[in-house]
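The primary structure of each chain is shown beneath.
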Amino acid sequence: MSRFKTKKGKGSPAINTSSLPDIIFMLLFFFMVTTVMREVSLKVKLKLPQATEVQKLEKKSLVSYIYIGPPVKSNLYGTNSRIQLNDTFANVDDIQEFVAKEREDRDEADKKFITTSLKVDGITKMGIVTDVKQELRKAGALKINYSTRKGRDKK
Amino acid sequence: MAKRAAPEINAGSMADIAFLLLIFFLVTTTMDVDTGITRKLPPPVENNDEDIDVKDRNVLKVLINSHDRLLIDGKPGDVSQLKQIAIDFMSIHPGDESYPEFEPRMIEELGLERDMSKGIISLKNDRGTSYDMYITVQNELASAFNQMKDELSQQLFGLKYAQLIDQKKIKGINKALPVRISEAEPEDIGGN
């Protein structure tokens with residue numbers, strides 16, 4: 001009796017894994033479609049300030065980014081906040097050119113919907129931000145977005 | 001000649017290859033949603049000498065100095081008070097000379113006439129102000145306007161502003177309560 005039982009318990013049937021690749025492929029396609037590759041490598045430290053009244057930035061393809069913050073390699077570039085456009089450090093004078101270039105990359109119909117997202121580190125002084133804003137005004141990029149993290153409901 | 005059966009391809013490693021690709025995309029995916037405070041910059045002024053005259057009672061001056069301290073309409077203030085002051089300032093106060101002027105205007109989208117305040121909140125900061133403080137102030141002001149929109153929306157439609165779906169209603173409320181924040185032309189006062 002007992003011999004009969006042990007024999008039956010041992011032989012657990014193998015799980016059919018032939019559909020495993022299909023499942024994995026499904027996941028793979030999902031991630032492939034949703035992935036947005038990082039376009040730039042950050043050269044400045046960014047600790048965005050927090051705000052509660054935030055809006056979502058829609059249509060990422062119509063957003064151009066300007067990064068301002070203290071350089072990551074502070075021993076090389078110092079601790080003063082710098083402007084980063086695309087992959088390099090830039091000066092305030094370069095912004096108009098940058099805006100013109102960003103505009104050229106977009107379709108004619110989309111040009112007026114371009115938003116400039118300012119990703120600025122919290123400890124940055126307003127002086128440099130004001131300069132950037134003035135340049136953006138001159139370049140005609142009037143729609144801006146102060147990038148912030150959502151949070152902090154201090155009440 | 002005997003017909004050879006086509007050898008079956010071993011698909012056992014297919015899952016591994018797929019896994020490898022999956023892990024690559026998992027790692028490279030960034031799912032963060034960009035959020036922020038959207039503002040519109042004024043177009044550049046051609047003539048700097050041309051000052052637009054605004055009556056003193058119509059302006060709420062908010063100044064931030066380089067030590068991140070606030071001056072609200074000439075009095076030192078705290079960020080926590082700013083929202084209430086802004087709401088109070090932008091609300092209609094009939095017969096009170098110390099509050100901004102207002103005039104009735106027809107808003108077609110809402111189909112009603114409403115008193116529109118002529119008040120402007122003027123925000124001015126020093127070059128040495130920290131960005132953190134600036135965003136905090138912008139946030140407080142935005143939250144003041146959002147609260148007023150919520151109240152108006154609640155009063156007219158019984159819904160919060162964010163819950164409105166009808167584009168016409170949203171447009172109407174935006175028209176009735178425009179975000180009137182003006183940022184002063186930067187001045188070089190000197191000394192950072």
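Details of the structure are given in the entry above.
Residues take numbers from 1 onward in each chain, read along the sequence in its written order. Labels follow written order: the first chain is A, the first ligand is 1, and so on. The predicted origin of the model limits local features to residues at a pLDDT of at least 70 and limits the giving and counting of side-chain atom pairs to 80 or more, whereas totals for whole chains, interfaces and linings rest on all residues.

Asks: Explain the overall build of chain B residue by residue, including any values.
Replies: For chain B, the helix and strand inventory stands at four helices and eight strands. Counting across all 192 residues of chain B, residues that qualify as buried make up 22%. To qualify as a helix, a DSSP run of H or I must reach at least 4 residues; to qualify as a strand, a run of E must reach at least 2; elements of each kind are numbered from the N terminus. Each residue is classified by how many other C-beta atoms fall within 10 Å of its C-beta atom, where C-beta atoms are placed from the backbone; a count of 20 or more means buried, 12 or fewer means exposed, and values in between mean partly exposed.

Asks: Provide a residue-level description of the overall build of chain A, including the pertinent values.
Replies: Within chain A, the secondary structure is distributed over five helices and eight strands. Counting across all 155 residues of chain A, residues that qualify as buried make up 24%. Two residues qualify as being in contact provided that their C-beta atoms, derived from the backbone, are within 7 Å of each other. Restricting the contact set of chain A to residue pairs at least 6 apart, pairs at least 24 apart contribute 78%.

Asks: Explain the sheet that holds strand β2 (residues 55-56) of chain A residue by residue, including any values.
Replies: Note: strands within a sheet are paired through backbone hydrogen bonds, in either parallel or antiparallel orientation. Only strands that DSSP links by at least two bridges are regarded as paired with each other. The seven strands lie next to each other as β2(A)-β1(B)-β7(A)-β6(A)-β3(A)-β4(A)-β5(A), forming an open sheet whose pairing is mixed. Single-partner strands in this sheet number two, and they are β2 and β5 (88-90) of chain A. Of the strand pairs in this sheet, strand β3 (residues 63-69) of chain A and strand β4 (residues 82-85) of chain A are connected by three bridges, and their pairing is antiparallel. Bridged to Ile68(A) within β4(A) is Ile83(A). Whenever a helix is involved, its axis is fitted only over the stretch in contact; in every case the axis is a line through C-alpha atoms, and angles between N-to-C directions fall within 0 to 180 degrees. Contacting β3, β4, β6 (115-120) and β7 (143-147) of chain A, helix α5 (residues 126-139) of chain A runs over the sheet at an angle of about 155 degrees to β3(A).

Asks: Just give me the short version of the sheet that holds strand β2 (residues 59-64) of chain B, but keep the residues and values in it.
Replies: Residue and element names in this part refer to chain B. Taken in spatial order, the five strands make up an open sheet running β4-β3-β2-β7-β8, and their pairing is mixed. The open sheet has two edge strands with one neighbour each: β4 (75-77) and β8 (181-183). On average, each strand axis in the sheet is inclined to that of its neighbour by 30 degrees, with strand direction left out of account. In this sheet, β8 lies alongside strand β7 (residues 120-125) in parallel orientation, the contact comprising three bridges. Pairing of Leu123 across the sheet is with Glu183, part of β8.

Asks: Provide a residue-level description of unusual backbone geometry, including the pertinent values.
Replies: A negative phi angle characterises most non-glycine residues, just as the trans form characterises most peptide bonds. Here Asn86(A), not a glycine, exhibits a phi torsion of approximately 50 degrees, which is positive. Looking at the secondary structure, you find Asn86(A) in the loop between β4 and β5. Positive phi is not limited to glycine here, since Asp73(B) has a value of about 50 degrees. Structurally, Asp73(B) can be placed in the loop between β3 (70-72) and β4.

Asks: Go over the packing of helix α2 (residues 79-90) of chain B against helix α3 (residues 131-157) of chain B, please, and point to the residues and values.
Replies: To describe two helices that pack against each other, one gives the angle between their axes and the distance between the axes. Residue and element names in this part refer to chain B. Between α2 and α3, whose axes approach to 9 Å, the crossing angle comes to 40 degrees. Here α3 runs oblique to α2, going by the angle between their axes. Crossing of α2 over α3 shows right-handed handedness. In this structure, α2 contributes Val79, Leu82, Lys83, Ala86, Ile87 and Met90 to the contact, and α3 contributes Thr136, Val137, Glu140, Leu141, Ser143, Ala144, Gln147 and Met148. Amino acid classes used here: Ala, Val, Leu, Ile, Met, Phe, Trp, Tyr, Cys and Pro are nonpolar; Asp, Glu, Lys and Arg are charged; the rest, including Gly, are polar. Split into classes, the residues belonging to the contact of α2 with α3 amount to nine nonpolar, three polar and two charged. Put simply, angles under 35 degrees are roughly parallel, angles over 145 are roughly antiparallel, angles from 65 to 115 are roughly perpendicular, and the rest are oblique. The handedness criterion is simple: a crossing whose near helix is rotated anticlockwise from the far helix by less than a right angle is left-handed, and one whose near helix is rotated clockwise is right-handed.

Asks: Tell me about the environment of Asn146(B), residues and numbers included.
Replies: Among the structural elements, Asn146(B) can be located in helix α3. The exposure class of Asn146(B) is partly exposed, given the 18 C-beta atoms found within 10 Å. With 104 residues separating them in the primary sequence, Asn146(B) and Pro42(B) have C-alpha atoms 21 Å apart. If we skip the residues at most four places from it in the chain, Asn146(B) touches Glu53(A) and Tyr161(B).

Asks: Tell me about the interface of chain B and chain A, residues and numbers included.
Replies: By a frequent convention, interface size equals the accessible area lost on bringing the separate parts together. Chain B puts 40 residues into the contact, and the matching count from chain A is 45 residues. Listed by contribution, the elements that provide at least two residues to the side of chain B that touches chain A are α1 (14-28), β1 (35-40) and α3 of chain B. Where β2(A) lies against β1(B), two bridges are found, and the strand directions are antiparallel. If you follow Lys56(A) over to β1(B), its bridge partner there is Thr35(B).

Asks: Quick rundown of the pairing of β3(A)? Include the residues and the values.
Replies: With six bridges connecting them, β3(A) and β6(A) associate as parallel partners. Counted as the bridge partner of Tyr65(A) is Ser117(A) from β6(A).

Asks: Got a sec to walk through the environment of Phe29(A)? Specific residues and values, please.
Replies: Residue and element names in this part refer to chain A. With respect to the element layout, Phe29 can be found in helix α2 (residues 20-34). We classify Phe29 as partly exposed; it has 13 C-beta atoms within 10 Å. Sequence separation between Phe29 and Ala51 is 22 residues; the distance between their C-alpha atoms is 35 Å.

Take it as geometry only, folks, not as evidence of what the structure does.
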